[in-house]
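So the chains spell out like this:
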Amino acid sequence: EDKARNDDKEENKTTLNRNYRSGGRYGHGLYVRCRVLSSNGSKVEVSLRESRIEGDMEDDVIPAEKDIVHAYVVSTTRKGCFLRLSRFTEGRVILKELSDSFLPDPMSMFPPGRLVIGKVKVVKESRGKSGKTRKVVDLDMRESILLEEKSKLKFEDIEKDQKYTGVVTRIESYGVFIRLDNSEVSGLAHLSECSDNYVKSLGALYNPGDLVKVLVVKVLKDKRQIGLSMKASHFEDDSDSDSD
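Once that is clear, we can look at a negative patch on the surface. Taken together, the side chains of E50, E54, D56, E58 and D59 make up a negatively charged region of the molecular surface. Note on placement: E50 falls in helix 2 (residues 50-53).

A complete count under the given rule lists 15 salt bridges for this structure. Where E97 meets R142, a salt bridge forms, and the shortest distance between an N and an O atom there is 4.0 Å. On the criterion of sequence distance, the pair formed by E97 in the loop between strand 5 (89-94) and helix 3 (106-109) and R142 in the loop between strand 7 (133-140) and helix 4 (143-146) is long-range, its members being 45 residues apart. By relative accessible area, E97 is classed as buried at 8%. Close ionic contact of R114 with D210 constitutes a salt bridge, the shortest N to O distance being 2.7 Å. Taken as a pair, R114 in the loop between helix 3 and strand 6 (115-127) and D210 in the loop between helix 5 (202-205) and strand 11 (211-220) lie far apart in primary sequence, 96 residues in all. What makes R114 buried here is its relative accessible area of 14%. Under the relative-accessibility criterion, D210 is labelled buried at 16%.

Turning next to the side chain of T76. Here T76 is to be found in strand 3 (residues 68-76). Overall, the relative accessible area of 13% leaves T76 in the buried class. Among the polar contacts listed, one links the side chain of T76 to the backbone oxygen of F110, at a separation of 2.6 Å. Every residue in contact with T76, bar those within four places of it in the chain, is listed here: C81, P106, M107 and F110.

Read once around its circumference, the closed barrel built from 5 strands follows the order 8-9-10-12-11, with strand pairing classed as mixed. Each strand of the sheet is rotated relative to its neighbour by a mean of 50°, with strand direction disregarded. Pairing analysis gives 5 bridges linking strand 8 (residues 163-172) to strand 11, with the strands arranged antiparallel. Residue V167 lies in a different strand from strand 11, and its bridge partner there is L211.

Take the sheet that holds strand 3 next. Around the barrel, 5 strands lie side by side as 3-4-5-7-6; this closed barrel has mixed pairing. Neighbour to neighbour, the strand axes of the sheet diverge by 45° on average, direction disregarded. Sheet topology places strand 4 (residues 80-86) next to strand 5; 6 bridges connect them, and they run antiparallel. Of the residues in strand 5, the one forming a bridge with L83 is G91.

Rules used in this analysis
- Residues numbered from 1 in each chain as written.
- Predicted model: local features only at pLDDT ≥ 70, side-chain atom pairs only at ≥ 80, totals over all residues.
- Heavy atoms only, no water.
- Patch = residues over 30% accessible without salt bridge, like charges linked within 9 Å, V, L, I, M, F, W, Y side chains within 5 Å.
- Areas by Shrake-Rupley, 256 points an atom, 1.4 Å probe, with all protein chains shown as cover.
- Salt bridge = Lys/Arg side-chain N within 4 Å of Asp/Glu carboxyl O.
- Lys, Arg positive; Asp, Glu negative; His and termini not counted.
- Charge placed at Lys NZ, Arg CZ, Asp CG, Glu CD.
- Helix = DSSP H or I, 4+ residues; strand = E, 2+ residues; numbered from the N terminus.
- Buried < 20%, exposed > 50% of the residue type's maximum accessible area, 1.4 Å probe, protein only.
- Polar contact = N/O pair within 3.5 Å; in protein donor to acceptor, adjacent residues only side chain to side chain.
- Contact = heavy atoms within 4.5 Å.
- Pairing = 2+ DSSP bridges.
- Axes fitted to C-alpha atoms, helices over the stretch in contact; angles between N-to-C directions.

So this is what it looks like as structure tokens:
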């Protein structure tokens, strides 16, 4: 009995570790490899990036104006969003430049740790209380700015059985509303089309701002409405399904 209990614990631990690795998340009790970047008394700064672990200690390149960059959310307030681009580079976005759409609750749309994309407006230099110099990048995350040099997807271009990526904009008990990337077109993924498995609570599965893949299952041209599906089975044969 004790052996069976221990086997179950090991299996659960293995599954937990696998889930965290596959989801790109880190949980309490998860063993990881890291590279020590600096040490100051009891405070040790480490990196989990593979490039650092493999020995690449070069500083990250400072972005230039109009560059498209990725960053992680540090915190969000009613005034805007504070980001981290790299070890010595911080970012910030004012509220009106977070989205083209009205954001009733920006804190829930952009929680700490969320990966976002933005366009560089200007790069400034800031000196903290410790005397260290950091780069501060002002970004614009509005889709209209990110895609201003690209032609937008129109409703007339959308056909049944086509696949797209999009952003979750609203969650209701009956389904999830998604805006397709590079467009102003939104559609509904009905509760029955949100997963291959039974879903008790959509709010526990999706959050506003989530990036998702969708399949167009219905196009109502007279009403200018589209029906979407997010079932994983639709994307099993996609070449990028393992990496996303």
